[in-house]
Amino acid sequence: MTLPPFLRRWLPTLALATLSLIWGYTWVLSKQSLAYAPPFAFAAERCVGGAIALFVVLKLLGKPMTLQAPKATIAIALTQVAGFMVFQTWALVEGGPGKTAVLIFTMPIWTLLMAWLILGERVRGGQWLAAAATLTGLILIIEPWDMHTSLFSKFLGVMAALCWATGSILIKRLRSKVPVDLFTLTAWQMALGAIPLIVLANLVPERPTAWEPHFIGLLAFISVVSTGMCWWLWSYILDRVPAWEASLSVLGTPVVAILSSRLTLGEEFKALEVTGILLIGGGLLLLSLLGWAASKRAAAVGKGHRA
């Protein structure tokens, strides 16, 4: 089935909106899940579940299941899956689910720098304004001047961000050289990344997982949708827009996380949070408008050449 050109142009935007909504609300679901499972075991369980779901879908769709570009895939699995999950979970253990966890969303800063140095991607014109707005909004939400958690937990949060950014750059570079299937790549990176998490979960002394029906439902959603499907969506987005733009756009995730957390728990919004949310929303809207304008120009140039 061939989609109309206008719909194809908006698919990455729709994918980003879906990703932000699901990943944002997953923070609330993950907090609920940690009442049933210890942190490292939970990280391993969600990755194993995500890998199984992805391989089942691969089989049903008749897509290739063999491991392609093994060295690059292992590097992506160790950074974007294992490294990210370990440092994120460790940061939550050391600093709690507060502002320290949000430090992983410094990822766009590192991605922007790495994309410039490694991929040669440039930020131009109005894109700088969008980048400044979204990153300023992130700073207002994090409030780095008012973080009462330990320096070590902050370090862990930044390491999680660096792992995520590195994995994103590796995916972008791999796809520019080898036409690997995105679904196959996501399935294998999830499976390979789960191995160190399983080992760690067995080495770190933790309480056993309480396999109650409510937790099984939470784990099924987080594994299949939040982990398996959403990491595939992330790879799809990286394949179609510059890495720095994709990383900025995913800042909708902490906005959704804050909104859903506040609404679920009945907490009051802070003035800086609201300002940060508005700045991020404005920056993401500007990015979308700039992308739309660029696609319109490209379409006009294409028609001119055909004429």
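Note that the structure is predicted; figures quoted are calculated from it, not measured.

Per-chain confidence: the protein chain averages 81 in pLDDT, with 83% of residues scoring 70 or above. No element of the protein chain has a lower mean pLDDT than helix α4 (residues 99-102), at 57, and none a higher one than helix α8 (residues 182-203), at 93.

The geometry of α8 relative to helix α9 (residues 213-238) is characterised by a closest axis approach of 9 Å and an angle of 130 degrees between their N-to-C directions. Compared by their axis directions, α8 and α9 come out oblique. Judged by the twist between their axes, the crossing of α8 over α9 is right-handed. In this structure, α8 contributes L182, F183, T186, Q189 and M190 to the contact, and α9 contributes T227, G228, W231, W232, S235 and Y236.

A complete count under the given rule lists twelve aromatic pairs for this structure. Arranged with centres 5.0 Å apart and planes meeting at 65 degrees, the rings of W23 and W231 form a pair that is edge-to-face. With W23 in helix α1 (residues 5-33) and W231 in helix α9, this pair connects stretches of sequence that are 208 residues apart. Owing to a relative accessible area of 9%, W23 belongs among the buried residues under this scheme. Ring plane angle 55 degrees and centroid distance 6.4 Å describe the contact between F42 and F215, whose orientation is recorded as tilted. Here F215 lies in helix α9 and F42 lies in helix α2 (residues 39-61), a separation of 173 residues in the sequence.

In contact at an axis separation of 8 Å, α2 and α8 are set at 155 degrees when each is read in the N-to-C sense. Judged by the inter-axis angle, α2 sits roughly antiparallel to α8. For the crossing formed where α2 meets α8, the hand is left-handed. Of the residues in α8, those touching α2 at F40, A41, A43, A44, C47, V48, G50, A51, L54, F55, V57 and L58 are F183, T184, T186, A187, W188, M190, A191, A194, L197, I198, L200 and A201. Residues belonging to the contact of α2 with α8 are distributed by class as follows: 21 nonpolar, three polar and no charged.

With that settled, the discussion passes to empty space enclosed by the protein. Taken as a whole, this structure holds two cavities of 30 Å³ or more when the rule is applied. Of the pockets and cavities examined, the largest cavity occupies roughly 350 Å³. As for the largest cavity, its lining consists of 22 residues, of which T26, W27, S30, R46 and Q88 are closest to the centre. Sorting the residues of the lining of the largest cavity by element identifies α1, α2, α3 (70-95) and α9 as the ones contributing at least two each. Each residue belonging to the lining of the largest cavity can be placed in one class, and the counts come to 14 nonpolar, six polar and two charged. Of the volumes computed, that of the second largest cavity is approximately 30 Å³. Taken together, T66, L67, Q68, T73, V180, T184, L185 and W188 form the lining of the second largest cavity. At three residues, α8 tops the list of elements feeding residues into the lining of the second largest cavity. Split into classes, the residues belonging to the lining of the second largest cavity amount to four nonpolar, four polar and no charged.

Here G228 shows up in helix α9. Given the relative accessible area of 1%, G228 is considered buried. Discounting residues that sit within four places of it in the chain, G228 has contacts with G50, L54, T186 and S223.

Now for the pattern of salt bridges. Using the criterion set out here, one finds three salt bridges in the structure. Across the pair D181 and K63 runs a salt bridge whose closest N-O atoms are separated by 3.3 Å. Taken together, the residues span a long stretch of sequence, with D181 in the loop between α7 (151-177) and α8 and K63 in the loop between α2 and α3 at a distance of 118 residues. What makes K63 partly exposed here is its relative accessible area of 31%. The salt bridge partner of R240 is D239, with a shortest N-O separation of 3.3 Å. Connected through salt bridges with shared partners, the residues R175, D239 and R240 form a single ionic network.

Taking 1.5 Å per residue as the helical rise, α8 with its 22 residues ought to reach 32 Å, and the 32 Å between its terminal C-alpha atoms agrees with that figure. Listed in full, the buried residues belonging to α8 are L182, F183, T184, L185, T186, A187, Q189, M190, G193, A194, L197 and A201. Its side-chain oxygen 3.1 Å from the backbone nitrogen of F183, D181 forms the N-cap of α8.

So, how was this worked out
Note that residues are indexed from 1 along each chain, following the sequence as it is written. Owing to the predicted nature of the model, reporting of local features is limited to residues with pLDDT of at least 70; listing and counting of side-chain atom pairs is limited to 80 or more, with chain, interface and lining totals taken over all residues. Side-chain calculation: all heavy atoms of the structure are included, whereas hydrogens and water are not. Per-residue confidence from the predictor is reported as pLDDT, which spans 0 to 100. Numbering of helices and strands runs from the N terminus; a helix is a DSSP stretch of H or I covering at least four residues, while a strand is a stretch of E covering at least two. Lines fitted to C-alpha atoms define the axes here, with helix axes fitted over just the stretch in contact, and angles between the N-to-C directions of these axes take values from 0 to 180 degrees. Under this scheme an angle from 65 to 115 degrees is roughly perpendicular, one under 35 degrees roughly parallel, and one over 145 degrees roughly antiparallel; angles in between are oblique. Each crossing is labelled by how the near helix is turned from the far one, with a counterclockwise turn of less than a right angle marking it left-handed and a clockwise turn marking it right-handed. In this description, contact between two residues means that some pair of their heavy atoms is separated by no more than 4.5 Å. The aromatic pairing rule takes the rings of Phe, Tyr and Trp, using the six-membered ring of Trp, and pairs them if the centres are within 6.5 Å, calling planes under 30 degrees apart stacked, those over 60 edge-to-face and the rest tilted. Exposure is judged per residue with a 1.4 Å probe applied to protein chains only, and the accessible area is read against the type maximum: over 50% gives exposed, under 20% gives buried, and values in between give partly exposed. Each residue receives one of three labels: charged for Asp, Glu, Lys and Arg, nonpolar for Ala, Val, Leu, Ile, Met, Phe, Trp, Tyr, Cys and Pro, and polar for the others, Gly being one of them. Using only the protein atoms, space was sampled on a 1 Å grid; points where a 1.4 Å probe fits but cannot get out form cavities, open sets with protein on both sides within 12 Å along at least five of seven lines form pockets, and lining residues are those with an atom within 4 Å of a point. Grid points are joined across faces, edges and corners, and a volume is the space filled by probe spheres set on the points. Counted as salt bridges are all cases of a side-chain nitrogen of Lys or Arg within 4 Å of a carboxyl oxygen of Asp or Glu. By this rule the span expected of a helix is its residue count minus one, scaled by 1.5 Å. We define a polar contact as two N or O atoms separated by no more than 3.5 Å, with the added condition that, inside protein, one atom must be a possible hydrogen donor and the other a possible acceptor, whereas residues neighbouring each other in sequence contribute only through side-chain atom pairs.

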